[in-house]
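Observations on the three-dimensional arrangement
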Amino acid sequence: MNRTVRLGLFAISAAGLAALLFWSLIGLPDFGHYHWPYGKLLNAVAVNERHTTNVVGVTVFDYRGFDTLGEEFILFTAVVGVSLLLRKDRDERVLRDPVRSDGVRLLGMLTVAAVLVLGLWVVAFGYVTPGGGFQGGVVLAGAFLLVYLAGSYGDFEALTPHTPVEIAEALGAGAFAVLGFVGLAYEGAYLRNFLGIGDTGTLYSGGSVALLNWATAIEVTAAMVVLFSEFLNVYMVPVADWRT
Amino acid sequence: MTYLPYAVAAWLFLVGLYGVVSSRNLIHLALCLSVMQSATYVLLLAVGYKNKATAPIFRGIPVGHPAVDPVVQALTLTDIVVSVTVVALILALALDVHKQGHTVDPDHIAGMSG
């Protein structure tokens, strides 16, 4: 099928799809006039039942924890897939690419420290204020990427050796699944909250939400670092080979 | 009566789909797929939105104060994570295709040209 025929077919079917899509969307409740019972129920009961003030966080790690388990493993599987596709015999030769400006290096390293603290804060208070393991994990991985940007590929590789990072990723994903079994053993249902709910609005609240939150943070940070590392490795090392 | 956010979602989906169909570069194709997926974020957040409501975070706000839906926000979070990892996987495949066939144009990949 050539390009013109394909685009012609697309135009016809897209027009049909657009018509159906707009037709179905105008059947939704008017924007801003929300009335779904599940969300309303969670907003009404979550704070009293779990003592967590971030209802999105407690939805992810408690009420819908089983869905999050699936998501954790989508993340894990996709990252393993990227590793398998991009991995080759690792070339120890590293291009000399350090940032030479002292000013950039200094500012970069100060930013790394600030981003690390920000990431830890976003994770730690994930079930109290906006944030959580997923969001904080990405911020933490960003701190490691900044080491590459403001330092060098060598610094990034030295700071995030492959084997420990991959072990951390697997442990994060595994811990989530194991915490589910702890809930099963002590409370009779997989992923049910098994710790005391603590005091509302403090770090000591939400019971096992805190543990699941940290397990997720470790997995997401490690997964993102693995992705950065694999893509940087493809980009950095064989550049010279590709150009010849 | 406001349906603008829903229309934006539908438009993003169709524009992304056009990009996927007409793409001449696998990297461009992966990004068009993210645009399509952005339609789902807009749609999910739009159906959970409530006029004069706050975020579903009750720190300093009494329980019972109108808040937007936490379930669709949690779904959007899931959606974004899946999107990022899928794009990473597609980009890895694109690198592999380039290594094998020295092209990233979907029309020129042997055995795949329609």
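Residues numbered from 1 in each chain as written. Chains lettered and ligands numbered in written order. Predicted model: local features only at pLDDT ≥ 70, side-chain atom pairs only at ≥ 80, totals over all residues.

Take the overall build of chain A next. Looking only at helices and strands, chain A features 10 helices and 0 strands. Taken from the N to the C terminus, the helices and strands of chain A come in the order α-α-α-α-α-α-α-α-α-α. At 23 Å, chain A has a C-alpha radius of gyration far larger than the 18 Å of a compact globule built from 244 residues. By its C-alpha atoms, chain A is 60 × 55 × 40 Å across when sized along the principal axes. Looking at chain A as a whole, 39% of its 244 residues are labelled buried. (Helix = DSSP H or I, 4+ residues; strand = E, 2+ residues; numbered from the N terminus. Rg over C-alpha atoms; globule rule 2.2 N^0.38 Å. Buried ≥ 20, exposed ≤ 12 C-beta atoms within 10 Å, placed from the backbone.)

Quick look at the overall build of chain B now. For chain B, the count of helices and strands is 3 helices and 0 strands. Written out in order from the N terminus, the α and β elements of chain B read α-α-α. Its C-alpha atoms give chain B a radius of gyration of 19 Å, more than 25% over the compact-globule value 13 Å for 114 residues. With the C-alpha coordinates aligned to their principal axes, the bounding extent of chain B is approximately 60 × 30 × 15 Å. For chain B, with 114 residues in total, the buried portion stands at 28%. A sequence separation of at least 24 residues applies to 52% of the contacts in chain B between residues at least 6 apart. (Contact = placed C-beta atoms within 7 Å.)

Looking at chain B, the pLDDT average stands at 89 and 95% of residues meet or exceed 70. Two numbers describe this predicted complex: its pTM, 0.89, and its ipTM, 0.87. (pLDDT = per-residue confidence, 0-100.)

Before going further, it helps to examine the confidence of the model for chain A. Should pLDDT be low for a region, the predicted coordinates there are not to be read in detail. When pLDDT is averaged along chain A, the result is 88; 93% of the residues meet or exceed 70. Considering each helix and strand of chain A separately, the mean pLDDT is smallest for helix H10 (residues 239–243) of chain A, with a value of 48, and largest for helix H5 (residues 102–124) of chain A, with 95.

As a further point, take the packing of helix H3 (residues 55–63) of chain A against helix H9 (residues 209–236) of chain A. Residue and element names in this part refer to chain A. Direction vectors running N to C along H3 and H9 enclose 90°, while the axes themselves pass 9 Å from each other. Classified by the interaxial angle, the pair formed by H3 and H9 is roughly perpendicular. Residues Gly57, Val58, Phe61 and Asp62 of H3 touch H9, and the partners they reach there are Val209, Leu212 and Asn213. Residue classes in the contact of H3 with H9 are distributed as 4 nonpolar, 2 polar and 1 charged. (Axes fitted to C-alpha atoms, helices over the stretch in contact; angles between N-to-C directions. Parallel < 35°, antiparallel > 145°, perpendicular 65-115°, else oblique. Nonpolar A, V, L, I, M, F, W, Y, C, P; charged D, E, K, R; others polar.)

In this section: the nonpolar core. Within the largest apolar cluster, 71 residues are counted, with the highest numbers of intra-cluster contacts made by A:Val55, A:Val58, A:Val79, A:Val82, A:Ala223, A:Leu227 and B:Ala9. In terms of residues, this core owes the most to one element, H9(A), which gives 15 residues. Ignoring sequence-local partners within four residues, the contact set of A:Leu227 consists of A:Val79, A:Val82 and B:Ala88. (Core = buried A, V, L, I, M, F, W, Y, C linked by C-beta atoms within 7 Å.)

Of all 9 residues making up H3(A), 9 are buried, and the element is well covered by its neighbours. Turning to H3(A), its buried residues are A:Val55, A:Val56, A:Gly57, A:Val58, A:Thr59, A:Val60, A:Phe61, A:Asp62 and A:Tyr63. Buried residues along H3(A) sit in contact with helix H2 (37–50), helix H4 (65–86) and H9 of chain A together with helix H3 (70–101) of chain B.

This part takes up helix H1 (residues 4–22) of chain B. For an α-helix, 3.6 residues make a turn, and residues three or four places apart therefore share a direction. Its 19 residues place the ends of H1(B) 27 Å apart at the C-alpha level, agreeing with the 27 Å of an ideal helix rising 1.5 Å per residue. Buried residues of H1(B): B:Tyr6, B:Ala9, B:Ala10, B:Phe13 and B:Leu17, and no others. Considered in projection along H1(B), the buried side chains sweep an arc of 95° and stay on one side of the axis. Buried residues belonging to H1(B) abut helix H1 (3–25) of chain A together with helix H2 (26–47) of chain B. (Expected span 1.5 Å × (residues − 1). Arc of directions from axis to C-beta.)

Interface size is commonly expressed as the accessible surface area that is lost when the partners come together. Contact with chain A, which involves 47 residues of that partner, is made by 43 residues of chain B. Looking at the side of chain A that touches chain B, the elements with two or more residues in it are H1, H2, H3, H4 and H9 of chain A. In terms of residue count, the dominant contributor to the side of chain A that touches chain B is H4(A) (10 residues). Here the residues of the side of chain A that touches chain B are counted per class, giving 31 nonpolar, 10 polar and 6 charged.

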